[in-house]
Amino acid sequence: MDAKIVLLPGDGIGPEVVAEAVRVLEAVAAKFGHKFAFTSCPMGGNAIDTHGNPLPDETLAACRKADAVLLGAVGGPKWDDPAAKTRPEVGLLKIRKELGLFANLRPIKPSAHLLDASPLKREILEGTDILFFRELTGGVYFGESGRKPHPSGEEAWSVMIYSTGEIERIVRLAATAARGRRGKLTMVDKANVLEVSRLWRSVTARVMKEEFPDIKYDTVLVDAMAMHLLSRPRDFDVVVTENLFGDILTDEGSMLTGSMGLLPSASLGEPGPGLYEPIHGSAPDIAGKGIANPLATILAAAMLLRHSLKLEQEATTIETAVETVLQQGARTADIAAGKPSIATRAMGDLVLRQL
Ligand code: IPM
Ligand code: MN
């Protein structure tokens, strides 16, 4: 297979972890006889510095033409000034919207070899395997917002808004994924308070009843979900939720695996390229030191092969290599629990050796 992959290394540790994922993709291409052409484009804070725009038009155009996009991370203290004209995160939200990536898949499956890296007890974690579907192009992230004067100073609003169609399409994707797994879907909302959640509830109930009667379906309030994720994570299979709730719950969920440095994500949607990235940020505190964990990005590359290129065997090969390396005891600093750790590059080398 010939595939065009656009790289958006981004800021902070982004370039370091993307470099390792590219080495892994190149090794997979050689092993299975594929040809991957990589093009690297500016995005995030670095693009603000060079182009005055976190998502330059040329970058977006290159992404549209690609088969898939692999992103490192964006942002950092340099671009954090609240008075700044634009921010790195604006580029991320824009690329999601422009490419129509309404479904963000975040698998949370603690490695059997890392159960002690999590702050949670092994007995609670064992057997956990959750696939989050976070809605990514709607809700409060994209609703109307503004400010106006108020006797006490100002008031501000950010509207959480969803349409029937936006809910249906992600629920269908999530329920279809549940069919290929343990056949269970949980929808998380705040229907005891929010009107928008009551729309999620009625639309989801209808889609599930009419189109997915074979899937076991339940709903959980988001505050309760924050608790259940820590007390009974094993009980969940596929979880679908709106944008902001999904953002928060998946950061919480990452702690089940021990480190944000292990979690990949895939953003999919309308026909066209998918966007793959680690869920961690740019980690400015360790950027440039060569100690970041590249495994989340390497696992994101595996998701890219699976979802955008339909190369299931190649994806599994990478995932198995990562498991083996962890089983053999290789640890970057974030998962070393104070014990000796290895560098980003060395972790990449170990994965390559397995391939
Ligand atoms: C994420 C991030 C982004 C989000 C930020 C950087 C805008 O936290 O991908 O989860 O909130 O979606
Ligand atoms: Mn987040």
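Small disclaimer: the values here were computed from a predicted structure and weren't measured.

A contiguous nonpolar surface patch, about 240 Å² in accessible area, is contributed by Trp157, Val159 and Ile161. Note that Trp157 resides in strand 7 (residues 153-158). Trp157 gets classed as partly exposed once you look at its relative accessible area, which sits at 32%.

A few words on the site of ligand 1. If you check the shell around ligand 1, you find Glu89, Leu92, Arg96, Arg106, Arg134, Tyr141 and Asp247 and nothing else. Interatomic distance of 2.6 Å between a side-chain N/O atom of Tyr141 and an oxygen atom of ligand 1. For ligand 1, whose accessible area on its own is 320 Å², the fraction buried by protein is 75%. Looking at the shell around ligand 1, the element that brings in the most residues is helix 4 (residues 88-98), giving 3 residues.

Hydrogen bonds between backbone atoms are what pair the strands of a sheet, whose relative direction is either parallel or antiparallel. Here 10 strands make up an open sheet; going across it, the order is 2-1-3-12-11-4-5-10-8-9 and the pairing mixed. Every interior strand has two partners, whereas the edge strands, strand 2 (35-40) and strand 9 (216-221), have only one. Along the sheet, successive strands turn relative to each other by an average axial angle of 25 degrees, direction set aside. Both strand 8 (residues 184-189) and strand 10 (residues 238-241) contribute to a ladder of 4 bridges, which runs parallel. Bridging across to strand 10, Met187 finds its partner in Val240. On top of the sheet, helix 6 (residues 164-179) reaches strand 4 (103-108), strand 5 (130-135), strand 8 and strand 10; it is set at about 170 degrees to strand 5, its chief contact.

Attention now moves to the packing of aromatic side chains. In this description, an aromatic ring pair is defined by two values, namely the gap between the centres and the angle between the planes. Across all of its chains, the model carries 1 aromatic pair by this definition. Taking the centre distance of 5.2 Å and the plane angle of 85 degrees together, the rings of Tyr162 and Trp200 count as edge-to-face. A residue pair is termed long-range when its members are at least 10 positions apart, and Tyr162 in the loop between strand 7 and helix 6 and Trp200 in helix 7 (residues 195-211) qualify at 38 residues. Across the pair, Trp200 and Tyr162 agree in class, each one buried. Just above the ring of Phe142 sits the side chain of Lys97; from NZ or CZ to the centre is 4.7 Å. Note that Arg169 overlies the ring of Phe102, its terminal NZ or CZ placed 4.1 Å from the centroid.

As far as domains go, the chain holds domain 1 (1-105 + 260-355) and domain 2 (119-257). Once you take the C-alpha centre of each, domain 1 and domain 2 turn out to be 24 Å apart. Each partner contributes to the interface: domain 1 provides 14 residues, whereas domain 2 provides 17 residues. Summing both partners gives a buried area of about 1,500 Å² for domain 1 against domain 2, and 68% of it is carried by carbon and sulfur. Per-residue buried area on domain 1 facing domain 2 is highest for Phe102, Asn104 and Met260; these three make up 39% of the total on that side. Remark: the boundary between domain 1 and domain 2 carries 1 salt bridge.

Right, let's get into the state of the cysteines. What the rule picks out here adds up to 0 disulfides. Free of any disulfide, Cys63 has its nearest neighbouring cysteine sulfur in Cys41, separated by 6.0 Å.

On to unusual backbone geometry, then. As a rule of thumb, non-glycine residues mostly have phi less than zero, and peptide bonds are mostly trans rather than cis. Here the phi dihedral of Lys310 falls at roughly 55 degrees; this positive angle occurs in a residue that is not glycine. With respect to the helices and strands, the residue Lys310 is situated in the loop between helix 10 (295-307) and helix 11 (312-327). We classify Lys310 as exposed; its relative accessible area is 65%. The backbone of Ala337 sits at a positive phi, close to 50 degrees, despite the residue not being glycine. Within the element layout of this structure, Ala337 appears in the loop between helix 11 and helix 12 (344-354).

Moving on, we get to the pairing of strand 2. With 6 bridges joining them, strand 1 (residues 2-10) and strand 2 adopt parallel strand pairing. Within strand 2, the residue paired with Ala3 across the bridge is Phe36. Read as a crossover between parallel neighbours, the route from strand 1 over helix 1 (residues 14-32) to strand 2 is right-handed.

Cut-offs used in this document
- Residues numbered from 1 in each chain as written.
- Chains lettered and ligands numbered in written order.
- Predicted model: local features only at pLDDT ≥ 70, side-chain atom pairs only at ≥ 80, totals over all residues.
- Heavy atoms only, no water.
- Patch = residues over 30% accessible without salt bridge, like charges linked within 9 Å, V, L, I, M, F, W, Y side chains within 5 Å.
- Areas by Shrake-Rupley, 256 points an atom, 1.4 Å probe, with all protein chains shown as cover.
- Salt bridge = Lys/Arg side-chain N within 4 Å of Asp/Glu carboxyl O.
- Helix = DSSP H or I, 4+ residues; strand = E, 2+ residues; numbered from the N terminus.
- Buried < 20%, exposed > 50% of the residue type's maximum accessible area, 1.4 Å probe, protein only.
- Near = heavy atom within 4 Å.
- Polar contact = N/O pair within 3.5 Å; in protein donor to acceptor, adjacent residues only side chain to side chain.
- Pairing = 2+ DSSP bridges.
- Axes fitted to C-alpha atoms, helices over the stretch in contact; angles between N-to-C directions.
- Contact = heavy atoms within 4.5 Å.
- Phe/Tyr/Trp six-rings, centres within 6.5 Å; stacked < 30°, edge-to-face > 60°.
- Lys NZ or Arg CZ within 6 Å of the ring centre and 35° of its normal.
- Domains from an automatic or database assignment.
- Buried area = accessible area lost by both parts, 1.4 Å probe.
- Disulfide = S-S within 2.5 Å.
- Right-handed = clockwise from strand over helix to strand, strands pointing away.

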